[in-house]
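Observations on the model geometry
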Number of protein chains: 2
Amino acid sequence: MHSERPTLRAVAERSGVSMKTVSRVVNGERYVAADTAARVLSVAAELGFRPNTLAREFRAGGSSATVGLVTGDVANPFYARIARGAEHALRDPGLSLLSASNDEDAARERTLVAHLVERRVSGLLVVSADDDHTLLARERTLGTPVVFLDRAPADVAADSVVLDNAGGVRVAVEHLLERGHRRIGLIGDLSRLSTHRERVDAFGTAMRAAGIPDWERWVRSDSHDLDEASRAARDLVDGPDAPTAIVTTNNRITTGALRAFVDRPERPALVGFDDFDLADVLGVTVIAHDPDAMGSVGARELLARIAGDDGPPRHHVLPVRLVVRASSSTSR
Amino acid sequence: MHSERPTLRAVAERSGVSMKTVSRVVNGERYVAADTAARVLSVAAELGFRPNTLAREFRAGGSSATVGLVTGDVANPFYARIARGAEHALRDPGLSLLSASNDEDAARERTLVAHLVERRVSGLLVVSADDDHTLLARERTLGTPVVFLDRAPADVAADSVVLDNAGGVRVAVEHLLERGHRRIGLIGDLSRLSTHRERVDAFGTAMRAAGIPDWERWVRSDSHDLDEASRAARDLVDGPDAPTAIVTTNNRITTGALRAFVDRPERPALVGFDDFDLADVLGVTVIAHDPDAMGSVGARELLARIAGDDGPPRHHVLPVRLVVRASSSTSR
DNA sequence: TTGAAAGCGCTAACAG
DNA sequence: CTGTTAGCGCTTTCAA
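- Named according to an unreviewed UniProt entry, chain A is LacI family transcriptional regulator originating from Curtobacterium salicis.

Below you can see the structure in the form of structure tokens.
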């Protein structure tokens, strides 16, 4: 019970017309007699004919109606929502999403990008884990549009969609300062990531502005998984001169910190970057934003480039806003 | 600054060798003189040559090194983890994931499946929102292997990977009964989904076995988003003869229920299907399982089929286990 | 309204 | 070790 998938030629032979005629019918072109069209369609349905997109796109000599999305991990809710936003924006124009995770590894990302380009994706959306973007710059030059998401490229003039990292962290720190906190800690992601650096820099700026020069004592970086984040949180709180408040720089780290304090009656105030599903239930103050928008804005930008727009690179900065909940409500 | 992407022919001309030789070099075949290979590679690198996978796959006459994944919503953590599991399993064999969301809409799913088949994916992993699987059955017959995830097909003999839905719900209900609960409610997803029906059936069976014949009074179905789930939860608790415990049948519904009770001091005991990131922090008892495994087991099954295995359909049932936390610890 | 021929980029098969 | 030929499934171009 395993027949072969019929080709357009097979349909043509079975209907006694030329391949071109079948092609016309299948593509809904005009100038086909109604009865011819009907016959062809019935044969096509009977045989289970499916036009071969591979052949079509190949013949067109160009790219495939596909966009590559490279993120750190599809299962991270932040990236998953970017994927959803992108998918929705690409739906109408008829493009599909080829998604791949780089596991925050630069070498793997290069392999993925090469694969995707060889597959002739129409464009690339990438949350890059690499700080050398010469490969991506090259591909861009050779005709594959690239839009950088979340992390702007340091060395390439290309489109980007990022968050207002500095603004978010500044507001968070000011909020905590207003509540009387002075010893404020920060738990951050891999220090090689530009977003991390921006967030830490903004943190330092806000702390210095508040007259707290030794802010670096309470900074813990490179917490990329939940356990590391928990450890960093405990480390901060158990250390001498422990902070009374902590800023976590992404949803994973926030989760890790929450776990660290689950069995402790005394908890520092907490503000986390990224909103998350149960933040309201848990009463966690967050720097909220819309990851779907990052995906959809990036996808629309890419669509413009695919359509031939070769204007100068555009940089989108998505807004963030502080959502105050119980975790930062107690004053010092 | 927008050159053209060179073809293998261009590389051949620039290096003064035949296309076949370039092909050999690019594919790492033997029987190429070292210096020839070196020259070709340097020209290829200089020109930014990328073998055209579209052409290669097309030429091979077959399918693309791609697997289609159809779920309800890439951003739902359950589906996102399935995607991750699948992606990891497909990584080594060199297949990419083309993922698409059906928004739990049958018509949309059919469009997606058609698109993916036309793109000649090597196989399909689908969490189907459709209860008529004749289309998928047809494609399977025509040579595109299909593995059903989470929801087994009613009408097609095909591979599937599902959870032990009945076992999970039974254990949850028994756990609540042991704690003395008798009026136990259930909040469920769309009633047309087979998983929902299995879970409700198992619920009814366990309740009847406990001598509670009027269990249906506390069943609320068709809560597909967070707000509906919250509403159902409040409805149950505010109703006459309110249940003292509630079973929620998936992670979204659990979240909705938690939101419904966030500002209420009196909360029913709760057991949720699907574990989730902050369940430990929130102390929510859950029926846990491993969604990544669903993706990877499904992908491996698909790989076997792609490799030509045409044995009888295999049905994998993944285990679930009750993780008891505070939300069900109070006895009645 | 329909058809014939050519070719997209690449590689298998078969020489040399 | 290297080259030539042919063709994958489809659509564009040009004729009929």
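There's more to say after this.
1. Topic: the domain arrangement of chain A
- When the domains of chain A are assigned, the result is domain 1 (8-51), domain 2 (66-163 + 291-318) and domain 3 (165-289 + 322-328).
- Averaged C-alpha coordinates put domain 1 of chain A and domain 3 of chain A at centres separated by 63 Å.

2. Side note on the protein's contact with DNA strand D
- The environment of DNA strand D is formed by 24 residues, the closest being A:L8, A:K20, A:R59, B:T36 and B:R59.
- Sugar and phosphate atoms form 51% of the subset of DNA strand D atoms that lie within 4 Å of the protein.
- Taking B:S18, its main chain carries an N or O atom lying 2.9 Å from a phosphate oxygen of DNA strand D.
- Listed by contribution, the elements that provide at least two residues to the surface near DNA strand D are α2 (19-26) and α4 (53-59) of chain A together with α2 (19-26) and α4 (53-59) of chain B.
- It is α4(A) that provides the largest number of residues to the surface near DNA strand D, a total of four residues.

3. Comments concerning helix α5 (residues 77-91) of chain B
Residues and elements named next belong to chain B.
- The end-to-end C-alpha distance of α5, which contains 15 residues, comes to 21 Å, matching closely the 21 Å that a straight helix rising 1.5 Å per residue would cover.
- Buried within α5 we find F78, Y79, A80, I82, A83, G85, A86, E87, A89 and L90.
- For α5, the N-terminal cap is N76; the gap from its side-chain oxygen to the backbone nitrogen of F78 is 2.8 Å.

4. Some points on the UniProt feature "domain: HTH cro/C1-type" (unreviewed entry) in chain A
- UniProt tags residues 7-47 of chain A as "domain: HTH cro/C1-type" (unreviewed entry).
- Span residues 7-47 of chain A is 73% helix and 0% strand, its end C-alpha atoms 9 Å apart.

5. Considerations on the protein's contact with DNA strand C
- In the vicinity of DNA strand C lie 24 residues, with A:T21, A:T36, A:R59, B:L8 and B:R59 positioned nearest.
- Here, DNA strand C places atoms within 4 Å of the protein, and 51% of those atoms are sugar or phosphate.
- One of the side-chain nitrogen or oxygen atoms of B:R59 is found 2.6 Å away from a base oxygen of DNA strand C.
- Elements with a minimum of two residues in the surface near DNA strand C: α2 and α4 of chain A together with α2 and α4 of chain B.
- Broken down by element, the surface near DNA strand C gets its largest block of residues, four residues, from α4(B).

The rules behind the values
- Residues numbered from 1 in each chain as written.
- Chains lettered and ligands numbered in written order.
- Predicted model: local features only at pLDDT ≥ 70, side-chain atom pairs only at ≥ 80, totals over all residues.
- Heavy atoms only, no water.
- Domains from an automatic or database assignment.
- Near = heavy atom within 4 Å.
- Polar contact = N/O pair within 3.5 Å; in protein donor to acceptor, adjacent residues only side chain to side chain.
- Helix = DSSP H or I, 4+ residues; strand = E, 2+ residues; numbered from the N terminus.
- Expected span 1.5 Å × (residues − 1).
- Buried < 20%, exposed > 50% of the residue type's maximum accessible area, 1.4 Å probe, protein only.
- UniProt positions renumbered as here; feature names shortened; annotations may be inferred.

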